[in-house]
Amino acid sequence: MRPVHTALAVLVAAVWGFNFVVIEIGLGHFPPLLLSALRFLVAALPAVFFVGPPKVAWKWIAGVGVALGIAKFGLLFTGMDAGMPAGLSSLVLQVQAVFTAVLAAVVLRERPGRVRMTGMAVALAGIAVAAVDGGTSGPVLGFTLVVAAAACWGVSNVLTRKASPPDALNFMVWVCTVPVLPLFALSLLLEGPERDLAALRALDWSGVGVIAYVAWVSTVFGFGAWGYLLRRYPASSVAPFSLLVPVFGMSSAALVLGEQVSGLRWTAAVLLVGGVALTSLAPARPAAPAPTAAGTAAGTTAGTAAGTTVAAVVSAGSRPAAADASPVR
């Protein structure tokens, strides 16, 4: 990659890592489901009027919108609101790569292979260490909700890969339209209209800045830049940069929020990031040998896509052939 594009990839990883700090700040202004709804509303409008009509079937947009927008982000924001630290959340969420690999093996019949199996085992060991650290520094409920969010992210990764959107930004913007009304409805039902109205009435420039960052900087800019890189370079060259997301997430949480990074957490980070790297970047084997040239090409494409499973989108992000090569934040 050219140096300027390498710098852009690092910048996107930094943007997505710092996003966890911004979310933590935003939860001081808004209830979690309301914040998530506002994030998708502002990300979708006015961008939806400029990206053109959807380029994949609506069933895929709706499926990813539910799995990623409603389930993944709803659980993530609620888990962080329940006390899960921002830095630890940015780390634990990366276990989505393991969930994605398992689901891909079941749904897409991609055989993991020894390297990917080893990576999954190492990543799960990292989650175990993170769970021990989380048990001493945060509530079990918050940790559990973030792990559940990672599982939902894995579902959205597989759905996105099945959709194979030709334009990642177009796909992401249309996906953002799906969760808006359901999240507002869930917020009114579970968080209450009084709490929502109080948050909106108390809206200040800090709250506006939070929404602008998570919607426009993290989502629109992040996925637009990531999609640009994926169009210019192989996904296997771009995807590894997403492993920097928890590094930036933990570092920025320590610097801005004063979160303590224990020895256990650093151990968990090394295990989890290393395991995710093996799980995401090792090629998967097709379920059966392809008898034709077309079949061989299809198997190779599937293996490449599986080998770049470092996240979905985002935020996720941006995913053409290797749809889940970008972390959705």
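Caption draft 1: Region of interest: the overall build of the chain. Assigned secondary structure in the chain consists of 15 helices and one strand. Split into buried and exposed, the 329 residues of the chain put 53% on the buried side. Across the chain, the fraction of contacts at a sequence separation of at least 24, relative to all contacts at a separation of at least 6, is 83%. Approximately 12800 Å² of the chain is accessible, and the part contributed by carbon and sulfur atoms is 73%.

Caption draft 2: Inspection of the packing of helix α2 (residues 32-44) against helix α10 (residues 193-201) at higher detail. Contact geometry for α2 and α10: axes closest at 10 Å, N-to-C directions at 55°. Classified by the interaxial angle, the pair formed by α2 and α10 is oblique. Pair α2 / α10 crosses with right-handed handedness. Contacts between α2 and α10 involve Pro 32, Leu 34 and Leu 38 from the former and Arg 195, Asp 196, Ala 199 and Leu 200 from the latter. Split into classes, the residues belonging to the contact of α2 with α10 amount to five nonpolar, no polar and two charged.

Caption draft 3: Spotlight on the packing of α2 against helix α3 (residues 58-81). Direction vectors running N to C along α2 and α3 enclose 135°, while the axes themselves pass 8 Å from each other. In terms of their interaxial angle, α2 and α3 are classed as oblique. Considering the relative orientation of α2 and α3, their crossing is right-handed. Facing Pro 32, Leu 33, Leu 35, Ser 36, Arg 39 and Phe 40 of α2, the residues of α3 in contact are Gly 69, Phe 73, Gly 74, Phe 77, Thr 78 and Asp 81. Its residues assigned to classes, the contact of α2 with α3 shows six nonpolar, four polar and two charged.

Conventions used here
Residues numbered from 1 in each chain as written. Predicted model: local features only at pLDDT ≥ 70, side-chain atom pairs only at ≥ 80, totals over all residues. Heavy atoms only, no water. Helix = DSSP H or I, 4+ residues; strand = E, 2+ residues; numbered from the N terminus. Buried < 20%, exposed > 50% of the residue type's maximum accessible area, 1.4 Å probe, protein only. Contact = heavy atoms within 4.5 Å. Areas by Shrake-Rupley, 256 points an atom, 1.4 Å probe, with all protein chains shown as cover. Axes fitted to C-alpha atoms, helices over the stretch in contact; angles between N-to-C directions. Parallel < 35°, antiparallel > 145°, perpendicular 65-115°, else oblique. Left-handed = near helix turned anticlockwise from the far one by under 90°. Nonpolar A, V, L, I, M, F, W, Y, C, P; charged D, E, K, R; others polar.

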